[in-house]
Amino acid sequence: MERVFATHIIRKSRECAPVWTLTTPDAGGLTKPGKVVVPSVWESHPRLRKYRGRGVYEQRIRAGGNLRLWLGGVSFRARVYLDDALLAEHYGSYTGFEALAQQIPDGEQTLRIEADIRFDADSALHVPNDYYAYGGINRPVIVEEVGQAYITRLHVTPRCTSDGWTADAAVSVRNLGDQPFHGALRLSLAGKEATEEIEIPAHETTLYGLSLDCGAVTPWSPENPALYAVTATLLVNGEAVDDLIDRIGFRTIRTDGKKILLNGQPLQLRGFNRHEEYGSFGLSAPLEAMMQDIHLMRDLGANCVRTCHYPNDPLFLDLCDETGLLVWEESHVRGFGEEQMRHPRFMEQLRQCTAEMVEQHYNHPAVFIWGSLNECADDTEFGAACYREIFALLRKADPGRPVTAALLERPGGKVYGDMDVVSINIYPQWYHDTPVQDALNRKLLEAAQGGGENKPVIVSEIGAGAIYGCHDPFGEAKWSEERQCAILKEQITAVLSHPDVTGLFLWQFADVRVSGEWARSRPRTYNNKGVVDEYRRPKLAYQVVKNIWSAE
Ligand code: ADA
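Per chain, residue numbering runs from 1 following the sequence as it is written. With the structure being a predicted model, the display of local features is reserved for residues of pLDDT at least 70 and the display and counting of side-chain atom pairs for 80 or more, all residues being used for whole-chain, interface and lining totals. Calculation of side-chain values draws on the structure's entire complement of heavy atoms; hydrogens and water are dropped beforehand.

Trainee: Help me understand the site of the ligand, please; the structure alone is not making it clear to me.
Mentor: Surveying the vicinity of the ligand reveals 13 residues, the closest of which are Asp130, Glu375, Tyr431, Glu461 and Lys529. Contacts to the ligand include His309, whose side-chain N or O atom sits 2.6 Å from an oxygen atom. A distance of 2.8 Å is found between an oxygen atom of the ligand and a side-chain nitrogen or oxygen belonging to Arg334. For the ligand, whose free accessible area comes to 320 Å², the fraction covered by protein is 97%. A breakdown of the residues in the shell around the ligand according to their chemical character gives three nonpolar, four polar and six charged. In this text, near means that some heavy atom of the residue lies within 4 Å of the molecule or strand in question. Any N or O atom pair separated by 3.5 Å or less is treated as a polar contact, with the protein-specific requirement of one donor-capable and one acceptor-capable atom, and with residues adjacent in sequence counted only for side-chain atom pairs. Accessible surface is estimated by sampling points in the Shrake-Rupley manner with a 1.4 Å probe; for residues, cover comes only from the protein chains shown. Note on residue classes: Ala, Val, Leu, Ile, Met, Phe, Trp, Tyr, Cys and Pro are nonpolar, Asp, Glu, Lys and Arg are charged, and everything else, Gly too, is polar.

Trainee: I'm lost on the layout of surface pockets in this one. Help?
Mentor: Unfilled space is identified by rolling a water-sized probe across the atoms. We place a 1 Å grid over just the protein atoms. Points where a 1.4 Å probe fits but has no way out form a cavity, open points with protein on both sides within 12 Å along at least 5 of 7 lines form a pocket, and any residue with an atom within 4 Å of a point lines it. Grid points are joined across faces, edges and corners, and a volume is the space filled by probe spheres set on the points. Reported here for the largest pocket is a volume of approximately 700 Å³. Around the largest pocket, the lining is made up of 32 residues, and of these Arg68, Trp70, Thr152, Glu359 and Gln360 lie nearest the centre. Under the scheme used here, helices are H or I runs from DSSP no shorter than 4 residues and strands are E runs no shorter than 2 residues, and both carry numbers assigned from the N terminus. Counting only elements with at least two residues in the lining of the largest pocket, the list comes to strand S4 (54-71), strand S8 (97-116), strand S11 (149-161), strand S17 (239-248) and helix H4 (346-361). When residues in the lining of the largest pocket are grouped by element, the largest group, five residues, is from S11. Residue composition of the lining of the largest pocket, grouped by class: ten nonpolar, ten polar and twelve charged. As annotated, the domain borders come from an automatic or database domain assignment. When residues of the lining of the largest pocket are sorted by domain, at least three fall in each of domain 1 (12-145) and domain 2 (149-248). Taken as a whole, the second largest pocket spans an internal volume of roughly 280 Å³. Lining the second largest pocket we find 19 residues, and of these Pro39, Ala285, Pro286, Leu287 and Leu315 sit closest to its centre. Taken together, the residues of the lining of the second largest pocket sort by class into 13 nonpolar, two polar and four charged. Composition of the lining of the second largest pocket by domain shows at least three residues from each of domain 1 (12-145) and domain 3 (266-313 + 329-345 + 368-390 + 404-550).

Trainee: So what exactly am I meant to see when it comes to the sheet that holds strand S18 (residues 253-256) here?
Mentor: Across a sheet, strands are paired by hydrogen bonds formed along the backbone, either parallel or antiparallel in direction. Sheet architecture is open: three strands sit in the order S18-S19-S20, paired in antiparallel fashion. The sheet is open, and its two edges are formed by S18 and strand S20 (265-266), each paired on a single side. Paired strands, as defined in this entry, are two strands with at least two bridges between them according to DSSP. With four bridges connecting them, S18 and strand S19 (residues 259-262) associate as antiparallel partners. Following the sheet pairing, Thr255 is matched in S19 by Ile260.

Read these as spatial facts, not as claims about activity.
Listed below in structure tokens is the structure:
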């Protein structure tokens, strides 16, 4: 399932059958083809639990004409072939991409997708890290049959005027044909409609702007997450030939001094950092597991989640839209020093991931802020220039949301003045013994002096580790559940009582697997700072967090 609602009624679109053949050419004696389910990660197969190589997936499909294949996520380098013809290549696990095949005769074809998770010199973003880079086709593969032209983008920006709400839509249409395309484009939303005649030169994509006055619609808010279907339809001689359906919420986000305002109301953010991972399903959690995470976070008292450290499955974002859970979404990079940022492909790969994230997730009303470059070298001239470039890219792609980056605790930050919201990661009482208030004040003072004064402040990470089931009756031993409780209590209480802090994202919701290279500082080869473990079994800290947040 690609989304929780149908994205097409006119366009012929279907998900590939779920059982594929997988060959693993670098797995020594295990290279033989086997049957696996897509989407999934290959680490869910017991023999491929640590496999860091290539995977060749094959599936038969029956289709013809102009085929548009949509690959929701392939980890982390992908090549797509139809009957041995290379259609597309893509880098990055966490965003989707398209593969086109034109004028295919009706019949059965072989779709082959090669996934490759070897950490080699070409991979700047996927490196051994404090989370696991899984392998495989981790999100759905969709087969679509399109005509001469099809809709490639539908972005809607809601605007609140004195007469109610207006929706400004940006709709792109691609003409695959050798001849100009003549037709009309219709936009429908909240019972209103606008239509425009269009003409697109051969082999071009044209962007159209259409606006609709929607009047007194119900605004989207965390308390009342009202969603509206929006449809773009392509017509030829009055007949619908293609469509694209999405959902939006009518809401605005902006910052004002130290506040983040949603529809003019200040937000007080309480939430979690959540890696997209669930036990042995890794990156490919089933929909029910995503929903359970939302229920658990809600039960804990959270109203927001941060998709550390990469864009998430649109299904998860759909569920956040539905339940009113606010989302900080960020593009993929974690903890890079200047040397890693100087990798010749770093900016190219980060730009691509960032642009795809905004392009694909623009309409989700729950996403209230864009982030990137978690804990990178914001303290050097070179690093700061990278931050500025990504902030500029985000603002250009979406002027309607603030931008931020979760910055390291160490001093010397140079980009406080460049972000709309100042976000800091601090680990007092876990990685060092500084009292929480002192660590917080030190960082806030630096931010204020460095250009971040009078901006909203989010503590984007704070936390402590515990191994599920590890107990110390004296509450002193590191990794015991009791010690985690004591530290979290101190951290949360100090952060919430600070008048300048607008938001808090605890590190982290659930324990996650990390790269083998990290095992020395990560017992079990897991980052164990979850308030639940990787199977969502609550640690003692669960109740501590719940009690503090529900007493507010
Ligand atoms: C950092 C980082 C996280 C995680 C965390 C930790 O703040 O952003 O990805 O590694 O530290 O557990 O130390």
